[in-house]
Each structure stands twice: as C-alpha cells, then as structure tokens.
Amino acid sequence: MAIKDGLEGAAPQGVVLTTVSRVVQHLRAGSTWPVTMGLACCSIEMMASGTGRFDLARFGMEVFRASPRQADLMLINGRMSHKMAPVVRQVYDQMSDPKWVISMGACASSGGIFNNYAVVQGVDHVVPIDIYLPGCPPRPEMLIHAILELDEQIKREPLGKDRAKVAREVEAAALAAVPTSEMKGLLV
Amino acid sequence: MTTGYLAPQPDAELDGTEYVAGGGDWKDIADEVARRKEERVVVNMGPQHPSTHGVLRLVLEMDGETVTETRVGVGFLHTGIEKTMEYRTWVQGSALATRMDYVASIMNEGAYVLAVEKLAGVTDQIPERAQILRVLMMELARISSHLVALGSAGNELGGTTLMTIAFREREQILRFFEMVTGQRMNNAYLRPGGVAQDLPDGALDFLKRVYPSMVRGLNDFDNMIMANPIWKLRTVGIAELNLAGCMALGITGPMVRATGLPLDLRKDAPYSGYENYDFEVCTADTADAYGRYLVRSNEMRESMKIVAQCIDKLEALGPAPVMIEDPALAWPAKLSVGPDGQGQAPEHVKEIMSGSMESLIHHFKLVTEGFRVPPGQAFHAIEHAKGMYGVHVVSDGGTRPYRVHMREPSYNNLQAMSVLCDGGTISDVVVALASIDPVMGGVDR
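Along each chain, residue indices are assigned from 1 in the same order as the chain's sequence is written. For this description, chains carry letters from A and ligands carry numbers from 1, given in the order in which they are written. Confidence filtering applies because this is a predicted model: local features only for residues at pLDDT of at least 70, side-chain atom pairs given and counted only at 80 or more, and all residues used for totals across whole chains, interfaces and linings.

**Student:** Can you tell me about the overall build of chain B, naming the residues and giving the values?
**Tutor:** Think of it this way: any DSSP run of H or I at least four residues long counts as a helix, any run of E at least two long counts as a strand, and we number them from the N terminus. Along chain B, the regular secondary structure elements total 18 helices and 12 strands. In summary, chain B has a C-alpha radius of gyration of 24 Å against a globular reference of 22 Å for 445 residues, a match within 12%. Each principal axis of the C-alpha atoms in chain B carries an extent, and together these give about 85 × 45 × 45 Å. Counting other C-beta atoms within 10 Å of a residue's C-beta gives its exposure: the residue is buried at 20 or more, exposed at 12 or fewer, and partly exposed in between, where C-beta atoms are placed from the backbone. When each of the 445 residues of chain B is scored for burial, the buried share is 47%. Our contact criterion uses C-beta atoms placed from the backbone: two residues qualify when those atoms are within 7 Å. When contacts within chain B are restricted to residue pairs at least 6 apart in sequence, those whose partners lie at least 24 apart make up 66%. We take the radius of gyration over the C-alpha atoms and set the globule estimate at 2.2 Å times the residue count to the 0.38 power.

**Student:** Go over the overall build of chain A, please, and point to the residues and values.
**Tutor:** In terms of regular secondary structure, chain A is built from 7 helices and 4 strands. Shown N-terminal to C-terminal, the secondary structure of chain A runs as helices and strands in the order α-α-β-α-β-α-β-α-β-α-α. Expressed as a percentage of the 188 residues in chain A, the buried residues total 35%. Considering only contacts in chain A between residues 6 or more positions apart, those separated by 24 or more positions represent 78%.

**Student:** Describe the pairing of strand S5 (residues 66-73) of chain B, listing the residues and the values that go with them.
**Tutor:** The side chains of a regular strand alternate between both faces of the sheet. Where strand S4 (residues 57-63) of chain B meets S5(B), 7 bridges bridge the pair, whose relative direction is antiparallel. Bridging across to S5(B), Glu61(B) finds its partner in Glu69(B). DSSP calls a pair of strands paired once it identifies at least 2 bridges connecting them.

**Student:** An account of the domain arrangement of chain B is requested, with residue identities and associated values reported.
**Tutor:** Residue and element names in this part refer to chain B. Domains are outlined according to an automatic or database domain assignment. Examined at the domain level, chain B breaks down into domain 1 (10-73) and domain 2 (81-329 + 371-444). Taking only C-alpha atoms, the centre of domain 1 and the centre of domain 2 are 35 Å apart. In this assembly, 17 residues from domain 1 lie in contact with 19 residues from domain 2. Elements represented by at least two residues in the side of domain 1 that touches domain 2 include exactly S4 and S5. Here the side of domain 1 that touches domain 2 takes 7 residues from S5, the largest share from any one element. Grouping the amino acids of the side of domain 1 that touches domain 2 by side-chain chemistry returns 7 nonpolar, 7 polar and 3 charged. Here the term charged refers only to Asp, Glu, Lys and Arg, the term nonpolar to Ala, Val, Leu, Ile, Met, Phe, Trp, Tyr, Cys and Pro, and the term polar to all other amino acids, Gly among them.

**Student:** Tell me about the sheet that holds S5(B), and please be specific about residues and values.
**Tutor:** Residue and element names in this part refer to chain B. Pairing within the open sheet is antiparallel, and its 3 strands lie in the order S3-S4-S5. Edge positions in the sheet fall to strand S3 (40-45) and S5, since each has one partner strand and no second. Neighbour to neighbour, the strand axes of the sheet diverge by 20 degrees on average, direction disregarded. Helix axes are fitted to C-alpha atoms over the stretch in contact, other axes to C-alpha atoms as well, and angles between N-to-C directions run from 0 to 180 degrees.

**Student:** So what's going on with the sheet that holds strand S10 (residues 376-383) of chain B? Which residues, and what values?
**Tutor:** All names here are of chain B. Spatially, 3 strands are ordered S10-S11-S12 in an open sheet, and the strand pairing comes out antiparallel. The strands lining the two open edges of the sheet, one partner per strand, are S10 and strand S12 (403-407). Strand-to-strand twist across the sheet, computed as the mean angle between neighbouring axes with direction ignored, equals 15 degrees. For strand S11 (residues 388-395) and S12, the ladder comprises 5 bridges, and the chain directions are antiparallel. Counterpart to Val394 in the pairing with S12 is Arg403.

**Student:** Pulling in residues and values, what's your account of helix H1 (residues 26-35) of chain B?
**Tutor:** Counting buried positions over the 10 residues of H1(B) gives 0, only a small fraction of the element. With its phi angle positive at about 55 degrees, Lys37(B) sits one or two positions after the end of H1(B).

**Student:** How would you summarise the confidence of the model for chain B if you had to cite specific residues and measurements?
**Tutor:** All names here are of chain B. For every residue, the predictor assigns a confidence score, pLDDT, that lies between 0 and 100. For chain B, the mean per-residue pLDDT works out to 86, and 93% of the residues sit at or above 70. Taken element by element, chain B is modelled with least confidence in strand S1 (residues 10-11), mean pLDDT 55, and with most confidence in S11, mean pLDDT 94. Within the model, the stretch residues 1-8 combines pLDDT values under 50 with 22 contacts to residues more than four positions away or in other chains.

**Student:** Summarise the interface of chain B and chain A; cite the residues concerned and give the values.
**Tutor:** Each side of the interface is counted separately: chain B has 26 residues, and chain A has 27 residues. At the level of secondary structure, the elements contributing two or more residues to the side of chain B that touches chain A comprise helix H2 (81-85) and helix H6 (160-181) of chain B. Ranked by residue count, the leading element in the side of chain B that touches chain A is H6(B), at 5 residues. Split into classes, the residues belonging to the side of chain B that touches chain A amount to 11 nonpolar, 10 polar and 5 charged.

**Student:** Please provide a residue-by-residue account of the confidence of the model for chain A, values included.
**Tutor:** Per-residue confidence for chain A gives a mean pLDDT of 81; residues scoring 70 or more make up 87%. When pLDDT is averaged over each element of chain A, strand S4 (residues 131-133) of chain A comes out on top at 91 and helix H1 (residues 6-10) of chain A at the bottom at 61.

**Student:** Just give me the short version of the packing of helix H7 (residues 203-226) of chain B against helix H12 (residues 289-317) of chain B, but keep the residues and values in it.
**Tutor:** When two helices pack together, you describe them by how their axes are tilted relative to each other and by the distance separating the axes. All names here are of chain B. Where H7 contacts H12, the axes come no closer than 11 Å and their chain directions differ by 165 degrees. Viewed along their axes, H7 and H12 adopt a mutual orientation that is roughly antiparallel. Every pair of crossing elements has a handedness; the one defined by H7 and H12 is left-handed. Across the interface between the two elements, Leu204, Leu207, Lys208, Tyr211, Met214, Val215, Leu218, Asp222 and Met226 from H7 touch Leu294, Ser297, Met300, Arg301, Met304, Ala308, Ile311 and Leu314 from H12. Taken together, the residues that form the contact of H7 with H12 break down as 13 nonpolar, 1 polar and 3 charged. Relative orientations are named as follows: roughly parallel for angles under 35 degrees, roughly antiparallel for angles over 145 degrees, roughly perpendicular for angles from 65 to 115 degrees, and oblique for any other angle. Crossing handedness is read from the near helix: turned anticlockwise from the far helix by less than a right angle, it gives a left-handed crossing, and turned clockwise, a right-handed one.

**Student:** Explain unusual backbone geometry to me, and be specific about the residues and the numbers.
**Tutor:** Most peptide bonds take the trans configuration, and most residues that are not glycine carry a negative phi. Following Cys136(A), the chain continues to Pro137(A) via a peptide bond in cis, the omega torsion being -10 degrees. Of note, Ala188(B) is a non-glycine position whose phi angle comes to about 50 degrees, a positive value. Residue placement: Ala188(B) occurs in the loop between H6 and strand S6 (190-191). Residues other than glycine seldom take positive phi values, yet Ala239(B) does so here, at roughly 55 degrees. As for its position among the elements, Ala239(B) is in the loop between helix H8 (229-235) and helix H9 (243-249).

**Student:** Outline the nonpolar core, supporting the account with residue identities and numerical values.
**Tutor:** For the purposes of this analysis, a nonpolar core is taken to be any set of buried Ala, Val, Leu, Ile, Met, Phe, Trp, Tyr and Cys residues that are connected through C-beta atoms within 7 Å. Counting residues in hydrophobic clusters, the biggest one holds 164 residues, and the most contacted among them are Ile76(A) and Ala432(B). Of the residues that make up this core, three or more belong to each of domain 1 (10-73) and domain 2 (81-329 + 371-444) of chain B. With residues near it in sequence (within four places) discarded, Ile76(A) still touches Met37(A), Leu39(A), Val88(A), Val101(A), Ser103(A), Met104(A), Ala108(A) and Val123(A).

**Student:** Describe the environment of Ala71(A), with residues and values.
**Tutor:** All names here are of chain A. In this structure, Ala71 sits in the loop between helix H3 (41-49) and strand S2 (73-77). Distance in space between the C-alpha atoms of Ala71 and Pro98 is 9.8 Å, their sequence separation being 27 residues. If sequence neighbours within four positions are ignored, Ala71 has contacts with Trp33, Pro34, Val35, Arg65 and Met95.

**Student:** Residue-level account of H12(B), with values.
**Tutor:** Multiply 1.5 Å by the residue count of a helix minus one, and that product is the helix's expected span. The terminal C-alpha atoms of H12(B), which comprises 29 residues, lie 42 Å apart, in line with the 42 Å expected from a rise of 1.5 Å per residue. Of the residues flanking the end of H12(B), it is Gly318(B), one or two places downstream, whose phi is positive at about 75 degrees.

**Student:** Residue-level account of the packing of helix H4 (residues 105-120) of chain B against helix H5 (residues 128-156) of chain B, with values.
**Tutor:** Residues and elements named next belong to chain B. Axis separation between H4 and H5 bottoms out at 7 Å; the angle between their running directions is 140 degrees. Relative to H5, the element H4 is oriented oblique. As for the relative orientation of H4 and H5, their crossing is left-handed in sense. Only Arg134, Met137, Met138, Ala141 and Arg142 of H5 make contact with H4, whose side of the interface consists of Ser105, Ile106, Met107 and Gly110. Here the residues of the contact of H4 with H5 sort into 5 nonpolar, 2 polar and 2 charged.

**Student:** Quick rundown of the environment of Met84(A)? Include the residues and the values.
**Tutor:** Mapping Met84(A) onto the fold places it in the loop between S2 and helix H4 (85-94). Residues Met84(A) and Thr180(A), spaced 96 residues apart in sequence, show a C-alpha to C-alpha distance of 25 Å. Once residues within four sequence positions are removed from consideration, Met84(A) is found in contact with Leu39(A), Pro47(B), Val55(B), Phe76(B) and Leu77(B).

Written out as structure tokens, the structure is:
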C-alpha cells in the first residue's frame, strides 16, 4: 500500500481493495450492454423484451449495441449453423474484456430439436457460456431474469489477476472432465 | 492477400487492395482509400448487422455513395429443417414447419397441414370449427408479422417509437396465442386433421375485449407513419420494382400487390373456407417501398375484419369438434389444465386406459409411430404474410414424409435485392431490404 496515513492507514489491511472490487463489481453488474447477436426466433423475443410490456430499460440494459466494441454482454439467441459459427466467434473475440455470454433458447444451449447436419449442438462449442437459458423460445421475462441472474454472478466475480486465474482454473477443470461419451453405466 | 487495415497492400489476385476492419478507427480506412484514389470500393454488410432482418450478408460494390452492384449471401441460418422432417412423423412436421418463418409461425403450419391433408385426401373432412380456428389464427399471425415488418423497418430508419408501438399491438396477439396454444411463438397449433385443441374458456372473450383497442392501435400506427414526412422521404420512390420485374423474378405478396396487381391466393385459390369471408385485396400503384408498407398497413385492417367474422362464426357455431372424425388420422388427445399446469383430461385417459386393449394399442401406435399417408405427392400454396407459400410433400406410404419442400416467399422475394439496390445510395439499401421483409429463418430453413 502506497498510502499509509489518514483514514486508510488506520483501517485494517485489505479493506480498501475489497471496497474497490465491490464498487467495480456493482458498476459492471449495473451496466451490462448487450451486443445484438440475433440469429433466429429467440431474437424476436429479445426485441420484445426491449419494448413496452416488458421494458428491459427498467434494469439499465436496453442499450443494444450494434458494435461488439461497445458491448460487454453477448446474447446468442437462436440456432447457430456451422456457417454462422465462425462469425459468432469473431464477434465474441472483438468484444473487450470483461465480457459475458448468455445462450438464449434450447437451440443455442444444446441444438434443441434440430439434431442434424446443419446446426451446431450448442454454442458452447464455440464460445464460453455464463448462463444457459432454456425455452423454445424463452419468454421475455425469462430473458430479463437471466440477465439479472448474470448480474448477481458478476457481483461475485473476482477482479484483475483473480479473474484470469479463475478462467484458467475453469478451463483446466473442463479439460480434465470426463467427456459424455466416456460416461458409462448407471446415472448416479 | 488479406492485410491489416493499417498496412493495406496491392493484391494481384484480388485486383485491388483488401482492407480488414480489425480494430481501430474507420477514419483510417477512409483516409487510406482516399489517398489511394480508389473509386470502386466493395463493402461487406453483415451477417451480423443490426439493420438486416436476421443473418444476411450483403456484398455491395460502391462508387462513392452509390451502390453499383449488390450480391446477397444467404445460408447463415440453414437449419436443415426439410431434412429433419424426413425423420419425424407427419404430426411432428407441424412443430418443425412453425420454426421456419418464425415471425408468422402459424401460417407455415397452415401451408404444411393443408398439403398433408391434400395428400391424404381428407381436405373435405376437416370440421368447420377447425377451419374457422385456422383462419382466425392465420389472420392474427398475418397481423403480427406485418407489425414486425413495419415496426422493425421503423426501427432501422431510426424511429424506435414505431417498433415499440408495433410490438405493443403484437403483444395482444401473442397473449391470445399463449392462451390458446400455450406458447407465444412456435405454436405447432395446426395439426394434420384439425387443430391441437379447442379454444380454452375465456379466450374468445379476451379477443373480443382487446379487439377495439387493437383496431384503434392499428389506425394510430397507420396515421403515425403513412403521412409522416420523414417516413415518406425515406420510402417514396425508393427501391422501385414494377410489375414486369416482379413477374420475371417470381415475386409475390405485398411486393407484387404494391405494383397494382391484386394477386392474393385467398381470393384466387381459396383454402380453409376463405371464400366465405368478406374482405378486400389491398393494392397500391407506386411499386416502391412506400407502396409496400401501405399494402401491409391496409392488409392488417382487412385481417381485423376477417378476425371479427371468425369470432361471429365461432359464436354462431357453438361447441363442435376441432379434429377430424377418422380415427386412423385424428390425434388422440384431449388436453386440459391439470395439477401440473397442462396434461390430458382425466376422462380422456380413462377412456383410453379402461376401454379395450385394442383401443390402448391403437392410441399407443398412433402417438409413437404416427399415421400413414398414401404414396404420392401433393403441392399446396397459401397466401402467407410474405407472399405465396407453397409446400410440396412426397410420401412413400410410411409414417414419415419421404420429402418435404417449401416454396418460401422470403427466399424468392430476396432475389429482387440487387434490382432494388443497384443505382441507389447505400442508405437506401436498408430501406430496400426492410421493404422486402425477408425472415432469414424462412429463407435458409
């Protein structure tokens, strides 16, 4: 700590840092601007959630950004074809850190009813997902709830180096996990 | 060769320089283009872009602000729905068709079930109440589709208010859909042989209650845009395509009606009893983007007239079956709200379970395996919100389609894109696209 005197000097170690992270977490959670990644049916419900009856603006997140540079939340809504997958990844890469992703709808989460040659069976093959939102399509209230739930997660997220550490740990755990195809025997 | 935008290099293969917007300032690219004195610039628009209706890619060749050549790239939402249908029963096909053009879901189902019924040869056995319910739902779907077309077009031109007002009216329709089908979108309500279930208690009363406010809302919406000078500046004389052009490109729907031709399959080849309804075919004579919106706006009010007639007919008819009599085809279900929110009516379960063993087997076979459709093929077309929607079904006599193909109006209408845009400015590209009103779920399927 550079400042040793005054109020901060009198406070116990670590208080300032915790407070800063809380402030940052609060600000981050309160201003999640989504990038429009409308793919299919769910994007119509996303549009509906921004309009009168549901009014996403009540929670400060109606600012749908056309440019990924200005957004920190990616709403992937709808079925993602193999042709679209590289585009989704590119848009994700163009977003600046920190960034979060909500996979909206059954198709984005798992391929939905389209278990065929054309559809990627879950967008988590391409980008890391923070919230999976079921439904075909989910109601606008469900989308709003998902974003609010994400805000709660953001409030608990560590800052700075810790964030990178957590990401590495998650990745290591995912790599070490037993793939579904290797899971044999009874479900326990 | 692809290079970063900061260090563009001449490329012999490309016959020019490729600039990649990989971060930084657009001004740098513009300055570099100006420095090189390049007159002809090719701009890529999409597939992720707020102004396209879904994931559509446009390759625009520009001379200054003027578009000299437009190419359209589709297929970013290809879902393989037609192929998936070959692996599902005839009834399940309805749930897949509804997810094609997701803005007017119920109309896709309508075209599909009419084609299946034509192939099965049961078109004249569909109960009257089911026919009326189909017309009612399809017309409401038409209004909701046109509202999205007009609202999102307004949004794309910078008028967010238009979208919020359009969606306000659309919500009333979706609330009715949810009451009747359990889902706001992707309803799978129309089934081969009839409809999934009859109207629940109170649904018709709800529709009657919101009807006046919807008519008022549609009139407000029309007053707000059709005489609006800003809207007119952006749409009058923009993206023109005359009747000859529409005929050459196979264009249907509001686009062709905006050229003055009253082409409407509800009048020309009536289905589901449309000949019993009193309504006008709306046309315009401007053949431009403004005319297309005028046609859509008037069509919504004509559809409201049909909805009113449906309500009257349903009330006059009273309780009646909504599924075909033929036990080999009829979906053996009777839904009711149980303790878990939805389920089979207890008396219906009792009828299946405590009847004969054969009755139980029949029910089981019909639900798990599905009914059979005689070998052959059939084509049926309806007047979809976007134009002529045709379904071609082929059966080999099994419980699943051998092949299903959709003639999607969005896809055919999208062909006009280069004719509409060439010679115009880049700002009118968005207007042209919005006036076609393609839904990529339908285009790519």
